[in-house]
There are 2 protein chains.
Amino acid sequence: MDGKVINLKSKLEVYKAISGGGNIANCPVREVIQGVSGKWRSLLMMALAEKPYRFGELRRLVPDISQRMLTQTLYDLQRDGYVHREVFPTKPPSVEYSLTDLGRSMFGAFHQLILWAELNHDAVRAARADFDASQA
Amino acid sequence: MDGKVINLKSKLEVYKAISGGGNIANCPVREVIQGVSGKWRSLLMMALAEKPYRFGELRRLVPDISQRMLTQTLYDLQRDGYVHREVFPTKPPSVEYSLTDLGRSMFGAFHQLILWAELNHDAVRAARADFDASQA
DNA sequence: GAGTGGCAGTCTCAAAAAGAGACCAGCACT
DNA sequence: AGTGCTGGTCTCTTTTTGAGACTGCCACTC
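Because the structure is predicted, anything quoted here is derived from the model rather than measured.

Q: I would appreciate a short explanation of empty space enclosed by the protein in the present structure.
A: Think of a ball as big as a water molecule: rolled over the atoms, this probe shows where empty space is left. The full count for this structure, using the stated rule, is one cavity of 30 Å³ or more. Lining the largest cavity are I33, V36, S37, F110 and L113 of chain A together with I33, V36, S37, F110 and L113 of chain B. In terms of residue class, the lining of the largest cavity is made up of eight nonpolar, two polar and no charged.

Next comes the structure, spelled out in structure tokens:
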């Protein structure tokens with residue numbers, strides 16, 4: 001309310017964009033945000049931003065994802081145009097996933113949030129601890 | 001792979017941060033990203049970034065949220081330290097929700113993603129349409 | 001003084017999404 | 001012939017979300 005006021009141009013406009021003027025169905029921003037919002041989507045985007053990976057590699061990289069969710073999330077990401085899926089006809093056919101230009105572009109913006117998270121996760125953790133303590 | 005290569009400092013490091021070196025439980029970034037990832041969290045953050053709101057106002061502003069989810073999401077946001085909840089002892093006691101400094105700070109980073117979404121949602125929509133068409 | 005409506009929720013139950021893990025076919029190596 | 005790798009699908013259970021009824025309090029109206 002006093003310290004660091006963030007310079008946002010027309011937050012109200014932003015909000016209008018998300019609320020879609022009463023019609024939520026064709027709200028573009030929300031649609032995109034949903035795309036990042038899956039439990040595993042950000043994680044996989046981050047991994048693929050580093051370099052392309054194969055299905056099995058991703059599975060090993062993110063050990064606590066189920067195969068079902070990995071398949072599903074990669075499919076969704078591909079559908080949204082963030083990820084490219086390429087099948088190589090080797091003897092056991094291997095499949096490589098990589099970011100598309102759109103995916104890289106999106107990750108560029110998303111990256112801001114990641115950097116913020118790295119800097120401020122202690123603050124969040126502390127807030128949570130305080131809150132839980134005050135509720136007890 | 002060729003066009004606009006995004007300048008990311010050490011994506012691998014970023015990934016290591018999220019994967020937590022094998023231990024996902026204390027992965028700070030993922031924890032924060034989860035905080036943004038709820039279906040309604042981003043929406044409410046956007047609304048509150050504009051100005052403080054009362055419970056009923058938010059409900060009218062986002063008509064397709066259920067009361068249960070509104071209560072829940074505001075509670076979570078408060079717990080994470082993004083939102084401040086203040087009860088005014090008026091005759092029907094009113095409750096005002098506003099962003100904290102931490103919340104505004106986070107929203108600043110999140111805003112990048114919103115801007116990207118505004119610019120690129122047609123591309124995502126198009127990709128999705130193409131993909132669905134090619135599957136048919 | 002009974003009804004109506006706004007306030008900020010809680011409670012219950014149904015539907016949707018996520019997670020765990022078994023199972024599949026094909027090939028290579030031992 | 002058995003083991004392990006490839007990239008998945010299928011089924012079942014648990015968790016999360018959603019819809020909507022219900023609460024208690026007060027003010028205003030009739």
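Moving on, there is more to tell.
Q: What exactly am I supposed to notice about the interface of chain A and chain B here?
A: For interface size, the figure often reported is the accessible area lost on association. Each partner contributes residues to the interface: chain A has 66 residues there, and chain B has 66 residues. The interface formed by chain A and chain B contains four salt bridges. Here D132 of chain A ties to R79 of chain B by a salt bridge, and the two come within 2.4 Å at their closest N and O atoms. The interface formed by chain A and chain B includes eight residue pairs in polar contact (both at pLDDT 80 or more). Residue assignment for the side of chain A that touches chain B shows that the elements contributing at least two residues are α1 (11–19), α2 (28–37), α3 (41–50), α5 (67–79) and α6 (101–135) of chain A.

Q: Even after reading the chapter, I still don't get the protein's contact with DNA strand D, so can you show me in this structure?
A: The environment of DNA strand D is formed by 19 residues, the closest being R85 and Y97 of chain A together with K39, W40 and R68 of chain B. Considering DNA strand D, the proportion of its atoms within 4 Å of the protein that are sugar or phosphate atoms stands at 60%. R54 of chain A is positioned with one of its side-chain polar atoms (N or O) 3.2 Å from a phosphate oxygen of DNA strand D. Within the side chain of Y97 of chain A, a nitrogen or oxygen atom sits 2.9 Å from a phosphate oxygen of DNA strand D. Of all the secondary-structure elements, those providing two or more residues to the surface near DNA strand D are α4 (55–61), α5 and β3 (94–99) of chain A together with α5 (67–79) of chain B.

The rules behind the values
- Residues numbered from 1 in each chain as written.
- Chains lettered and ligands numbered in written order.
- Predicted model: local features only at pLDDT ≥ 70, side-chain atom pairs only at ≥ 80, totals over all residues.
- Heavy atoms only, no water.
- 1 Å grid on protein atoms, 1.4 Å probe; cavity = no way out; pocket = protein on both sides within 12 Å on 5 of 7 lines; lining within 4 Å.
- Points joined across faces, edges and corners; volume = space filled by probe spheres on them.
- Nonpolar A, V, L, I, M, F, W, Y, C, P; charged D, E, K, R; others polar.
- Contact = heavy atoms within 4.5 Å.
- Salt bridge = Lys/Arg side-chain N within 4 Å of Asp/Glu carboxyl O.
- Polar contact = N/O pair within 3.5 Å; in protein donor to acceptor, adjacent residues only side chain to side chain.
- Helix = DSSP H or I, 4+ residues; strand = E, 2+ residues; numbered from the N terminus.
- Near = heavy atom within 4 Å.

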